[in-house]
Amino acid sequence: MIQLQKGKYQSNIAKIWQWSGFGLAAFLLYILAVQFNFLWLFGGMPSLQELENPKSQVASVLYSEDGVELGKYFRENRSPVEYEELSPNLIKALIATEDARFTQHSGIDLRSIFRVITHLGSAGGGSTLSQQLAKNLFDTRQNTEDDTEEGPSYKGLLAKIPLVRTLIAKTKEWILAVRLESRYTKQEILKMYLNEVSFGNNAYGIRVACKTYFGKDVNNVTEKEAATLIGMLQNPSLYDPRRHPERCLVRRNIVLGQMARYGYISQEESIDFQSRTLGLNFRVENQNTGDAPYFREAIKKQLQNAIAEINSTRDENDKLNLYTSGLKIYTTIDSRMQQYAQESLEDHMRDQQQKFYAHWKGQNPWVDENMHEIKGFLKDAMKRTQRYRSLMEAYNGDEVAVWKILKTPVKMTVFSWDGDRDTTLSPLDSMNYYKRILNCGFMAMNPNDGHVKAWVGGINFKFFKFDHVRQSKRQPGSTFKPFVYAAALENGAATLCDNVVDRPVTFRAEDGLVGKSWTPQNSGGRYSYASMSLRHAMGLSINSVAAGLMKILGPEKVAEFAHRVGIQSTLNETPALCLGASEVSVYEQVAAYCTFMNEGERIDPILILRIEDKNGNELKRFETTTKKVISSETAYQMTHMLKGAIQERGGTAEGLNKYDCTKDNDMGAKTGTTSNYSDGWFMGVTQSLVAGVWVGGDDRSIHYRNISLGQGAKMAMPAFAKFMDKVYADKSLAIAGFKKEPFRKPEGVDLGCTSTSSYTIIDSTGVQPPTAKPKEDEEGFLK
């Protein structure tokens, strides 16, 4: 009997071993089938190259010339971090919560798997950090119905069977976890994991998460902050600290409990931390945040073209993408000047808006040339919008239905100088609100090397995307006059020594005028008939003198000269060009004025210095181009002329003298004011910086009603002055070469005279020499 039982026992043991062997063999065959995608049933696996070079979407970062981050381009906002940068609190919280035996296994924790199967021990999953990393890196659980837009697909024929799909995915994660463990150290796996995972609110990776939720770098987070972030990983939406603070707090405290359980903090510390609030400092990074958002948008097309050029020489699998390749883009912007420009414009525009509201209190600011309100202005403006056209199409041209929608109030957030404001307005009311807001454009550039140092395209990029530096083109008014004066000097139509008379100048058909005769008026509406130097005339921005020079030269010569020094826009070759009637951008004006400050060398603005890959390898370097376009003598004479607006009695920029920036410093300037005060301009030049400012309404019919408020010296000049005062007060910028200094005098060039006269405006038909001796190049442009 005993022998019989013993035989049965041994037989059972043998069967167990036999079946175990069969099971093990089947399991190994299954693993091999998954690994090699037998009969395409299981889907592919990442290659060795992919394992060694796993690809994640990494944001490309924009840097200033002085090394400060300005912003990013991204789809997934991810900025990698090195292990050495991580706070130990993050590592402790992660291991205590997600994989307590992380240092004791090689990718698969059999004890955790057994615990999950038998429901023994504390609740929790059996996936190790290495398995979770494999799942995130290689997307092993891709949705069956929807392929991912980018990257390889690892789905096989069995992927449509729900439970089988999950089992295959889990198997792949085991295999990949073991592979990862064999190729990377534990520290590298932790770093890769924290760089890869999502924390919600478009925060991918631990660096961005720390910045988004606590405004901190990864090496400064506290124990409770680390516990909050690690706790969110289980379900970033469910434990979003902004939307669900109570749930997040409970989850954070669980993590703190785990940290105490495994000895990373004491029980007393855990209890103390659990009693505290979340302490968020929440700020999501997006296209509207960061410094220089208008600049970032302005250079995007140039960057994409450069990347396309780089990609033309690269393999298909090695192509770069502005939004996902983690490029490092170094620009010419100086972070300090950019900050000063933004601060100065904000301070000035806040003041301008208050004055504008007070100026039009109780009235609508959209008026015609006679200062009469334009009837039906808002409805006509609405009809020009894409929203109106889309609604008309959707409602088959039913205007009644469309206007009902446009007059129906809805909840919205609007811009205000006191911060974003939640309100309820109809789309038509919203247009009424926004049309009353003034906007601006500002650019500063080093005329010596072409580096653009500051770029402010508007008052708020979140609400006003249109860039008023390069996209917008407006009439420059009197800021165009220096090109008329310089053309006269360069072509020999006048010299710096000449005196002119302020009296009427009339243009007719022979002068290129279409229609009736035209006699430009001075801003004050009268003529002094006084004799004065060219410098005084330009300093006081006397229209009749600019008109007289235009009559000598002709519009063609003035337009050609403006294009030569840097204006790119099409210019209407009519007499009105002398008063700035053709539209140009701030970008063009600044570039053209730089030619005067650079001894007649036109230097093209440069915005980008170089592009590097995520490892710091240089991919492309950018260089500016220069060309000698006017004589050094003319350029130097123009720097002297531009000083007249500040130094001449009654100069249009005489008000600059109350600011510190003009003291012990050579500075030139030109103001500009267009018809009906629609545009206020200011151009300022020093030896190291040339800057331009434009202020006005986005719609030209919205403006001040008088010159006391609507002139460039009031609308735009204070922003420049505040900016320059801040620049000169920064000693670090002085060390970098941006300091008070005299204008550079070209070798062998002199102003040549003091106050002699050889030309005088003597009648309304033009400028005639007082003597019979003509200039050498007088023929062909004297009328």
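Residues numbered from 1 in each chain as written. Predicted model: local features only at pLDDT ≥ 70, side-chain atom pairs only at ≥ 80, totals over all residues. Heavy atoms only, no water.

### Observations concerning the sheet that holds strand β3 (residues 328-331)
Argument step 1. Spatially, β2-β1-β3-β11-β12 is the arrangement adopted by the 5 strands of the open sheet, whose pairing is mixed. Whereas interior strands pair on both sides, the edge strands pair on one side only; in this sheet they are β2 (69-73) and β12 (618-621). Across the sheet, the mean angle separating the axes of adjacent strands is 20° when strand polarity is ignored.
Argument step 2. As paired strands, β3 and strand β11 (residues 608-612) are joined by 4 bridges and run antiparallel to one another. (Pairing = 2+ DSSP bridges. Helix = DSSP H or I, 4+ residues; strand = E, 2+ residues; numbered from the N terminus. Axes fitted to C-alpha atoms, helices over the stretch in contact; angles between N-to-C directions.)

### Observations concerning the layout of surface pockets
The probe, sized like a water molecule, is rolled over the atoms to show the empty space still left.
Argument step 1. One number sums up the size of the second largest pocket: a volume of about 1300 Å³.
Argument step 2. Lining the second largest pocket are 43 residues, and of these Q521, S523, N543, T673 and T674 lie nearest its centre.
Argument step 3. Of all the secondary structure elements, the ones that give two or more residues to the lining of the second largest pocket are β14 (668-673) and α26 (712-715).
Argument step 4. Partitioned by chemical class, the residues of the lining of the second largest pocket number 12 nonpolar, 24 polar and 7 charged. (1 Å grid on protein atoms, 1.4 Å probe; cavity = no way out; pocket = protein on both sides within 12 Å on 5 of 7 lines; lining within 4 Å. Points joined across faces, edges and corners; volume = space filled by probe spheres on them. Nonpolar A, V, L, I, M, F, W, Y, C, P; charged D, E, K, R; others polar.)

### Side note on helix α16 (residues 386-394)
Argument step 1. Of the residues making up α16, those classed as buried are Y388, L391 and M392. Summarising the axial view, the buried residues of α16 lie within an arc of 100°, below the 170-degree limit, and thus occupy one face. The exposed set on the far side of α16, more than 90 degrees from its buried face, consists of E393 and A394.
Argument step 2. Check the buried side of α16 and you find it contacts α15 (377-383) and α17 (399-406).
Argument step 3. N396 lies just past α16 and shows a positive phi near 55°. (Buried < 20%, exposed > 50% of the residue type's maximum accessible area, 1.4 Å probe, protein only. Arc of directions from axis to C-beta. Contact = heavy atoms within 4.5 Å.)

### Examining the sheet that holds β14
Argument step 1. Pairing is antiparallel across the open sheet formed by 5 strands, whose spatial order is β7-β6-β16-β15-β14. If you trace the sheet from one side to the other, it starts and ends with β7 (452-456) and β14, each paired once. For this sheet, the mean angle separating the axes of adjacent strands, direction not counted, is 5°.
Argument step 2. In terms of strand pairing, β14 meets strand β15 (residues 679-685) through 6 bridges, oriented antiparallel. Bridge assignment links G668 to a residue of β15, and that residue is V685.
Argument step 3. In this fold helix α24 (residues 632-647) packs onto β14 and β15, with an angle of close to 70° to the strand it touches most, β14.

### Quick word on the environment of M443
Argument step 1. Mapped onto the elements, M443 comes out in strand β6 (residues 438-445).
Argument step 2. A relative accessible area of 0% means that M443 is categorised as buried.
Argument step 3. Residues M443 and F295, spaced 148 residues apart in sequence, show a C-alpha to C-alpha distance of 9.9 Å.
Argument step 4. Leaving out residues up to four positions away in the same chain, M443 has contacts with V452, A454, W455, V469, V586, Y587, V590, P605, V690, A691 and G692.

### Some words on the packing of helix α14 (residues 335-359) against helix α27 (residues 717-729)
Argument step 1. Packing of α14 against α27 leaves a shortest axis separation of 8 Å and a crossing angle of 145°. For the crossing formed where α14 meets α27, the hand is right-handed. Here α14 contributes M337, Y340, A341, E343, S344, L345, D347 and H348 to the contact with α27, which in turn contributes P718, A719, K722, F723, K726 and V727.
Argument step 2. Residues that form the contact of α14 with α27 fall into these classes: 8 nonpolar, 2 polar and 4 charged. (Left-handed = near helix turned anticlockwise from the far one by under 90°.)

### Observations regarding the packing of helix α8 (residues 206-214) against helix α9 (residues 223-232)
Argument step 1. Where α8 contacts α9, the two axes come as close as 11 Å, and the packing angle between them is 115°. Seen along the crossing, α8 lies across α9 with a hand that is right-handed. Where α8 abuts α9, its residues I206, A209, C210, Y213 and F214 lie against E225, T228, L229 and M232.
Argument step 2. Classifying every residue of the contact of α8 with α9 by side-chain character gives 7 nonpolar, 1 polar and 1 charged.

### With respect to the packing of aromatic side chains
Argument step 1. The full count for this structure, using the stated rule, is 22 aromatic pairs.
Argument step 2. When the centroid spacing of 5.1 Å and the interplanar angle of 80° are considered together, the rings of F480 and F483 count as edge-to-face. You'll find F480 and F483 in the same group, each marked buried.
Argument step 3. Taken together through their ring pairs, the aromatic side chains of F415, W417, Y433, Y434, F463 and F464 make up a single cluster.
Argument step 4. Positioned above the aromatic ring of Y330, the side-chain terminus of R610 is 4.0 Å from the ring centre.
Argument step 5. Positioned above the aromatic ring of F622 is the side chain of K620, whose terminal nitrogen or guanidinium carbon lies 5.4 Å from the ring centre. (Phe/Tyr/Trp six-rings, centres within 6.5 Å; stacked < 30°, edge-to-face > 60°. Lys NZ or Arg CZ within 6 Å of the ring centre and 35° of its normal.)

### Side note on unusual backbone geometry
Argument step 1. Despite not being glycine, M371 shows a phi value in the positive range, around 65°.
Argument step 2. Topologically, M371 is positioned in the loop between α14 and α15.
Argument step 3. One non-glycine residue, E599, adopts positive backbone phi at about 60°.
Argument step 4. Along the chain, E599 turns up in the loop between α23 (586-597) and β10 (601-603).

### Examining the pattern of salt bridges
Argument step 1. Tallied over the entire structure, the rule returns 36 salt bridges.
Argument step 2. Between R564 and E560 there is a salt bridge, with its nearest N and O atoms 2.8 Å apart. Of this pair, R564 and E560 both sit in helix α22 (residues 555-565), 4 residues apart, roughly one helical turn.
Argument step 3. Between R602 and D604 there is a salt bridge, with the nearest N and O atoms lying 3.9 Å from each other.
Argument step 4. What makes R602 partly exposed here is its relative accessible area of 22%. (Salt bridge = Lys/Arg side-chain N within 4 Å of Asp/Glu carboxyl O.)

### Observations concerning the nonpolar core
Argument step 1. Membership of the largest hydrophobic core comes to 148 residues, with the highest contact counts inside it found for F442, W455, F483, Y485, L656 and F723.
Argument step 2. Apart from residues no more than four positions distant in its own chain, W455 is found in contact with Y294, F295, A298, I333, Q338, F442, M443, D467, V469, R470, Y587 and L607. (Core = buried A, V, L, I, M, F, W, Y, C linked by side-chain atoms within 4.5 Å.)

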